[in-house]
Amino acid sequence: MKGRFISFEGTEGSGKTSVIKEVQKYFQNQGYTVLITREPGGIKISEKIRDIILDVDHIEMDARTEALLFAASRRQHLIEKVIPALKEGKIVLCDRFVDSSLVYQGIARNLGLEEVYSINKFAIESTLPDLTIFVDVRPEVGLKRVFNTPNREINRLDLEKLKFHQKIYQGYLDLITKYPKRIKKVNGEQPILDVADEAINLIKSII
Ligand code: TMP
């Protein structure tokens with residue numbers, strides 16, 4: 001495939017969505033075609049699955065159901081949107097990908113990293129990002145941002161206790177140790193343009 005697939009990861013309120021927009025601006029100005037998309041979502045079917053997963057009314061949702069729905073959403077999004085864009089030579093900036101499932105479902109929900117990876121292998125086959133950027137913001141800082149931002153959508157996972165978010169944060173740090181070539185960290189607790197600069201430099205090194 002000609003394009004480049006870059007995923008962004010982080011805890012709640014890490015600011016990765018704003019960082020992605022800055023990164024897109026930069027590479028578009030350099031003449032690249034850059035597609036922003038997100039998980040779960042990005043296309044009709046996956047946005048519908050997103051609504052089911054994140055609905056604050058669905059407190060009875062079983063953890064394995066949750067993991068399977070994320071994987072189903074991922075599969076459809078990958079086939080319908082990400083892979084065609086990569087074939088066209090685009091830079092794809094994806095707000096979350098498989099690492100979110102490894103950390104949120106595998107570690108924080110205690111389903112096990114290997115189990116969650118195996119259902120995701122079925123969903124993604126061998127497609128992994130060329131680069132994954134972890135926007136590093138401590139969970140206490142991120143959650144404060146979430147709850148202090150007016151009109152921000154609060155979802156079912158935002159409502160989990162601080163301990164759950166701390167497990168996610170530690171999970172990401174462990175994943176970086178496990179996949180140091182693919183996953184790189186940027187400091188998300190600095191002004192957004194500085195965070196974006198760090199991300200841009202990492203991306204430059206792979207395109
Ligand atoms: P967002 O807030 O970045 O849009 O992501 C939606 C929520 O879904 C967020 O709390 C992280 C969570 N999530 C998982 O638990 N597993 C996954 O595989 C993905 C993609 C997201």
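Scroll up to find the structure.
Residues numbered from 1 in each chain as written. Predicted model: local features only at pLDDT ≥ 70, side-chain atom pairs only at ≥ 80, totals over all residues. Heavy atoms only, no water.

1. Observations regarding the sheet that holds strand 1 (residues 4-9)
Piece 1. Sheet architecture is open: five strands sit in the order 2-3-1-4-5, paired in parallel fashion. Only two strands of the sheet have a single neighbouring strand rather than two, namely strand 2 (34-38) and strand 5 (183-187). Neighbour-to-neighbour, the strand axes of this sheet turn through a mean angle of 25 degrees, independent of strand direction.
Piece 2. Direction of pairing for strand 2 relative to strand 3 (residues 91-95): parallel, over a ladder of five bridges. From the neighbouring strand, Thr37 faces strand 3, where its bridge partner is Cys94.
Piece 3. Those strands touched by helix 3 (residues 63-87) are strand 1, strand 2 and strand 3, and its axis lies near 165 degrees from that of strand 2. (Pairing = 2+ DSSP bridges. Helix = DSSP H or I, 4+ residues; strand = E, 2+ residues; numbered from the N terminus. Axes fitted to C-alpha atoms, helices over the stretch in contact; angles between N-to-C directions. Contact = heavy atoms within 4.5 Å.)

2. Considering the site of the ligand
Piece 1. Looking at the ligand, there are 15 residues lining it, with Glu12, Arg74, Arg96, Ser101 and Gln105 nearest.
Piece 2. One of the side-chain nitrogen or oxygen atoms of Lys16 is found 2.9 Å away from an oxygen atom of the ligand.
Piece 3. A distance of 2.7 Å separates an oxygen atom of the ligand from a polar atom in the side chain of Arg96.
Piece 4. Its free accessible area being 470 Å², the ligand has 95% of it covered by the protein chains.
Piece 5. Of the pockets mapped on this structure, the ligand occupies the largest pocket.
Piece 6. Elements supplying a minimum of two residues to the shell around the ligand: helix 2 (44-54), helix 3 and helix 4 (98-108).
Piece 7. It is helix 4 that contributes the most residues to the shell around the ligand, four residues altogether. (Near = heavy atom within 4 Å. Polar contact = N/O pair within 3.5 Å; in protein donor to acceptor, adjacent residues only side chain to side chain. Areas by Shrake-Rupley, 256 points an atom, 1.4 Å probe, with all protein chains shown as cover. 1 Å grid on protein atoms, 1.4 Å probe; cavity = no way out; pocket = protein on both sides within 12 Å on 5 of 7 lines; lining within 4 Å. Sits in = over half its atoms within 2 Å of the grid points.)

3. Some points on empty space enclosed by the protein
Piece 1. Taken as a whole and assessed by the stated rule, the structure comprises one cavity of 30 Å³ or more.
Piece 2. Volume-wise, the largest cavity comes out at about 30 Å³.
Piece 3. Along its surface, the largest cavity is lined by Glu9, Asp99, Thr132, Phe134, Tyr172, Leu175, Ile176 and Ile183.
Piece 4. Within the residue set of the lining of the largest cavity, elements represented by two or more residues are strand 4 (131-136) and helix 7 (162-178).
Piece 5. Of all the elements, helix 7 adds the most residues to the lining of the largest cavity, at three residues.
Piece 6. Class assignment of the residues belonging to the lining of the largest cavity gives a composition of five nonpolar, one polar and two charged. (Points joined across faces, edges and corners; volume = space filled by probe spheres on them. Nonpolar A, V, L, I, M, F, W, Y, C, P; charged D, E, K, R; others polar.)

4. Things to note about the side chain of Ser100
Piece 1. Structurally, Ser100 can be placed in helix 4.
Piece 2. A polar contact of 2.5 Å, which involves the side chain of Ser100, links it to the side chain of Glu9.
Piece 3. Not counting residues within four places of it along the chain, the set of residues in contact with Ser100 comprises Glu9, Gln105 and Tyr172.

5. Details of the layout of surface pockets
Piece 1. One number sums up the size of the largest pocket: a volume of about 770 Å³.
Piece 2. What lines the largest pocket is a set of 33 residues, among which Lys16, Thr17, Arg50, Arg96 and Arg152 lie closest to the centre.
Piece 3. A total of five residues in the lining of the largest pocket trace back to one element, the largest contributor, which is helix 1 (residues 16-29).

6. Observations regarding the pattern of salt bridges
Piece 1. Summed over all chains, the structure comprises 16 salt bridges.
Piece 2. In this structure, Asp95 engages Lys16 in a salt bridge whose closest nitrogen and oxygen atoms are separated by 2.7 Å. Of this pair, Asp95 sits in strand 3 while Lys16 is found in helix 1, placing the two residues 79 residues apart along the sequence. Just as Asp95 is buried, Lys16 falls in that class too.
Piece 3. Ionic pairing is found between Arg109 and Glu66, a salt bridge with its closest N-O pair at 3.0 Å. Of this pair, Arg109 sits in the loop between helix 4 and helix 5 (113-124) while Glu66 is found in helix 3, placing the two residues 43 residues apart along the sequence. (Salt bridge = Lys/Arg side-chain N within 4 Å of Asp/Glu carboxyl O. Buried < 20%, exposed > 50% of the residue type's maximum accessible area, 1.4 Å probe, protein only.)

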